[in-house]
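Below, each chain spelled out in residue letters.
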Amino acid sequence: MSGPNTDYDPVEVTPLKSEEVDAARDAALAAIAAATDLDALKQVRIEHTGDRSPLALANREIGALPPQARKEAGQRIGQARGAVNQALAARQTLLDVEHEERMLVEETVDVTLPTDRIPAGARHPITTASEMIADIFVAMGWEVAEGPVIEAEWLNFDALNLGPDHPARTMQDTFWTDPPEDHTVLRTHTSPVQARTMLTREPPIYVVCPGRVFRTDEYDATHSPVFHQVEGLVVDEGISMAHLKGTLDHFASAMFGEGITTRFRPSYFPFTEPSAEVDLTCFVCRGSGVVTVGDVSGTEHQTPCRTCRGEGWIEWGGCGIVNPRVLTACGVDSGRFSGFAFGMGIDRTLMFRHGIDDLRVFFEGDLRFTTAFGSEI
Ligand code: PHE
């Protein structure tokens, strides 16, 4: 039996040879220094410190050495591995910093560059106002009715007690469509929707109809060949002027605020009898006809309100009790039912509400206008 191999010479075990260890360490250090990015360094780490790396293999050999040789070999390998790990850590830190810096540069967003984003635009103020008006009436249980803008002459005029020779036909300058024998017009008011509603439904009727209307008017600050009206129609038993007044007062205060009400002035429309012009409390001077202004010295004085020209009221629209002839023409039993109707300009209503003095802004598509007034309501 032989004892432990005391002749065993550790330096003779190839992986543990001093030159081998130094060479493995130097190769590792050179590879680390040559790694120019984090991926390369990861690869170097596997090759030079992983399980199959020369230094890891050498480390494993240590256990096989006789005790007296272990210490020296262990130290040599330990130092070599320590040097490699240190170099790896240092390189890692450096490459991490470099990576971060490069990312900051590469991912920089130049916030001063012009964008190619298309602005979302805005809903048109007439649309939002029409919806707001419809909401006021829907909240009272009414329905929204609509009709075509190209309308039969009969519905636009005759059914509304405006026969061919009726002098009031000239109150509304009309666009006729070709050919004339079709008897078709661009509707001059939303009142044909009254006729359409009564022809197609049984009372009780509570409808509101916002829509576009057309007249051969000049295009200027207060006129346009196309504008917008809202029409209201009620047909039920026992409907009176008092219901009409109460409804319009509510509409006025819902649209313009508490304290804004209406007044009626006698008027004439062929489709209503009696008829009235509706005026609205001037919401600028709140009916007083005067406004208080301050001058540069700080003194305040009163001047006539410009919005209502000192009247305290502004013209809003027309209204009345539906003429029984219209009820009959539209198939409603005028002995049993009565009704009221009203109509006013939506554009005009918005002009008061926002102090707009030129109607044309509604039709010219300037986004600065639509954005400012379209989303406000
Ligand atoms: N249609 C009328 C106009 O355009 C307004 C109106 C509607 C008047 C309903 C009375 C009743 O002038």
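A short tour of the structure in this document, coming up. (Residues numbered from 1 in each chain as written. Predicted model: local features only at pLDDT ≥ 70, side-chain atom pairs only at ≥ 80, totals over all residues. Heavy atoms only, no water.)

Another point: the site of the ligand. Near the ligand lie 15 residues; those nearest to it are His-189, Ser-191, Arg-215, Gln-229 and Glu-231. The separation between a nitrogen atom of the ligand and a polar side-chain atom of His-189 is 3.0 Å. Within the contact set of the ligand, an oxygen atom lies 2.9 Å away from a side-chain nitrogen or oxygen of Arg-215. Within the complex, the protein chains bury 93% of what would otherwise be the 320 Å² of accessible surface of the ligand. Contributing elements (two or more residues each) for the shell around the ligand: strand S5 (226-236), strand S10 (313-322) and strand S11 (338-345). Looking at the shell around the ligand, the element that brings in the most residues is S11, giving three residues. A class-by-class count of the residues in the shell around the ligand yields five nonpolar, eight polar and two charged. (Near = heavy atom within 4 Å. Polar contact = N/O pair within 3.5 Å; in protein donor to acceptor, adjacent residues only side chain to side chain. Areas by Shrake-Rupley, 256 points an atom, 1.4 Å probe, with all protein chains shown as cover. Helix = DSSP H or I, 4+ residues; strand = E, 2+ residues; numbered from the N terminus. Nonpolar A, V, L, I, M, F, W, Y, C, P; charged D, E, K, R; others polar.)

The next subject is helix H7 (residues 192-200). Three or more residues of H7 are buried, namely Pro-192, Val-193, Gln-194, Ala-195, Thr-197 and Met-198. Lining the buried residues of H7 we find strand S2 (150-152), helix H6 (153-156), strand S4 (205-214), S5, helix H9 (324-329) and S11. (Buried < 20%, exposed > 50% of the residue type's maximum accessible area, 1.4 Å probe, protein only. Contact = heavy atoms within 4.5 Å.)

Quick look at the side chain of His-189 now. Structurally, His-189 can be placed in the loop between strand S3 (184-186) and H7. In this structure the side chain of His-189 is engaged in a polar contact, spanning 3.0 Å, whose partner is the backbone oxygen of Asn-156.

As a further point, take the pattern of salt bridges. Tallying each qualifying case throughout the model produces 13 salt bridges. Note that Asp-26 is salt-bridged to Arg-25, the shortest N-O span being 3.1 Å. Between Glu-143 and Arg-201 there is a salt bridge; the shortest N-O distance is 3.2 Å. Here Glu-143 is found in strand S1 (residues 143-144), whereas its partner Arg-201 is found in the loop between H7 and S4, with 58 residues between them in sequence. Shared partners join several salt bridges into a network, and the residues in it are Asp-22, Arg-25 and Asp-26. (Salt bridge = Lys/Arg side-chain N within 4 Å of Asp/Glu carboxyl O.)

Further remarks concern a negative patch on the surface. The grouping of Asp-96, Glu-98, Glu-100 and Glu-101 at the surface amounts to a negative patch. The residue Asp-96 is located in helix H4 (residues 67-106) in this model. (Patch = residues over 30% accessible without salt bridge, like charges linked within 9 Å, V, L, I, M, F, W, Y side chains within 5 Å. Lys, Arg positive; Asp, Glu negative; His and termini not counted. Charge placed at Lys NZ, Arg CZ, Asp CG, Glu CD.)

Right, let's get into the sheet that holds strand S6 (residues 262-269). Either a parallel or an antiparallel arrangement is found when strands of a sheet pair, and the pairing is made through backbone hydrogen bonds. Within the open sheet, the seven strands sit side by side as S1-S4-S5-S11-S10-S7-S6. Their pairing is mixed. Every interior strand has two partners, whereas the edge strands, S1 and S6, have only one. Across the face of the sheet, helix H5 (residues 125-138) comes into contact with S1, S4, S5 and S11 while running at roughly 165 degrees to S4. (Pairing = 2+ DSSP bridges. Axes fitted to C-alpha atoms, helices over the stretch in contact; angles between N-to-C directions.)

Shape descriptors only; they carry no functional weight alone.
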